[in-house]
Amino acid sequence: MMVSRRWWRSRLLALVFGVSAVTAGVGVSLAGSTSGKPAGSKPQEQAPEVDHIELAAVLISDGHYDRAERVLSQVEPEALSQEKRARYHLFLGLIRLRARAYLAAIESFDKAIEYGQNGDIMFVYLAQCYYHTGQWEMTARSVDNAAEQGAGVPELQLMKAHALIELERRAEAWDVLERGARRFPDRPEFLRQQTFLLVNLELYQAAMEVGLEYLERITPEASDYVAIAMAFRQGQRLDEAIRFLEQARLLFPDDERIIATLASAYADVEMEEAAADLLQRSAENHPEFIAQSAELYRRSGSLTRALYMNARVEDQKEKFKQRASILLDQQRFEEVANMGDRLERIGLLEDQNLVYALAYANFKVGAFHDSERYIKRIDDPRLFEHATQLRQIIARCERDPAECAQ
């Protein structure tokens, strides 16, 4: 007679969690009996042995992975039959996969296959493990070995395409994505990856068309625009990136990711002042843009506006390091020279670029002794040659002040 899985589940749980209580009750009854065995009683039935493998299967199917792991820890796999041993390693692999212990899960799944658990689903599990450990060749191979199980799962096809791109097998990756887009029309992620692949292949017009189709197929979020625009930036298609982001900004005017990426795209095409203006306008809601705006104004040559934004920077180290650069660009050398003690107090003179800036500023105002004091602190090979040249100029100026009239 065939016993239902539900019956087995209830029986196993009762055995594990109720057997001690049943036994305790029997013990009390026996202790209270004067004859040792009540008249007419039947011999007590012995409880059947718990099948830990079946119990683990039930617990895993119910999502109780921690409890399943405890149950399996009571098993000696060497004492199991080949079939049971295969299931033991399968269940242990599933527990490890759930815990993201991917390398250990691969070991378990390999053993399960060795003992005969070799259905297509095993390669589905292995593909996930190989993907998360960056084993791209094995990822692609496992998806193929999963046969129809692998072909019918869109996430696995996306994993395979990613793996093939990492392996620089781009034509194969394109075929996977194209088939996936046809088979799973409700999964626009295939179009998203096609866009990135086309940018990687420098097929920018095609990438633009696929990217726009992708955006039409979804309710786009700010991150979608940023992702596609970043792909165009990486492909040096900066105008397309800016157009994407300006369109996105109309839809998401306060999204800091779009604002920051658009500012970076402006800077890429040497529109630093436009980038700084954008960040300045957004700084009221996003204070993290203040220092970036000041730096972009400095790079654009708008030094007065750079100082204005710099005054709003809260981080003191960042503020004074940036302020020194702006004042040097304005050739306000005396103000830079007077910053030495403050920069020392807040620990900024560990930065040898600032030490050299102080040496140069003191030289420009004729404070040769102070300039030499800072030069002696420079041991960075990148700056040492400049410091040596500055020392030689100071020596000439001291010999003939007229030669170095400020």
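Residues numbered from 1 in each chain as written. Predicted model: local features only at pLDDT ≥ 70, side-chain atom pairs only at ≥ 80, totals over all residues. Heavy atoms only, no water.

## Brief notes about the nonpolar core
By size, the foremost hydrophobic cluster in this structure holds 73 residues, and its most contacted members are Phe232, Phe244, Leu343, Leu349 and Leu390. Within the second largest apolar cluster, 35 residues are counted, among which are Leu59, Ile60, Leu90 and Ala127. (Core = buried A, V, L, I, M, F, W, Y, C linked by side-chain atoms within 4.5 Å. Buried < 20%, exposed > 50% of the residue type's maximum accessible area, 1.4 Å probe, protein only.)

## Looking at unusual backbone geometry
Phi angles above zero are rare outside glycine, and Arg100 is one such case at about 65°. Here Arg100 lies in the loop between helix H4 (82-98) and helix H5 (102-114). Within the chain, Ala147 stands out as a residue other than glycine whose phi angle is a positive 55°. The topology assignment puts Ala147 in helix H8 (residues 147-151). (Helix = DSSP H or I, 4+ residues; strand = E, 2+ residues; numbered from the N terminus.)

## Examining the environment of Gly366
On the secondary structure map, Gly366 appears in the loop between helix H22 (352-364) and helix H23 (368-375). Here the alpha-carbon distance between Gly366 and Cys397, two residues 31 residues apart in the chain, equals 9.2 Å.

## Remarks on the confidence of the model for the chain
In regions of low pLDDT, the predicted coordinates are not meant to be interpreted in detail. For the chain, the average pLDDT comes to 84, and 87% of its residues sit at 70 or higher. Below pLDDT 50 for its whole length, residues 1-41 participates in 21 contacts with residues either more than four positions away or in separate chains. (pLDDT = per-residue confidence, 0-100. Contact = heavy atoms within 4.5 Å.)

## So, helix H15 (residues 256-268)
With 13 residues, H15 ought to run about 18 Å at 1.5 Å a step, and its terminal C-alpha atoms sit 18 Å apart, in line with that. Looking at H15, one finds that the buried residues are Ile258, Ile259, Thr261, Leu262, Ala263, Ala265, Tyr266 and Ala267. Looking at the buried positions of H15, the neighbouring elements they touch are helix H13 (222-234), helix H14 (238-251), helix H16 (272-282) and helix H17 (290-300). Downstream of H15 by a residue or two, Glu270 has a phi angle that is positive, lying close to 65°. (Expected span 1.5 Å × (residues − 1).)

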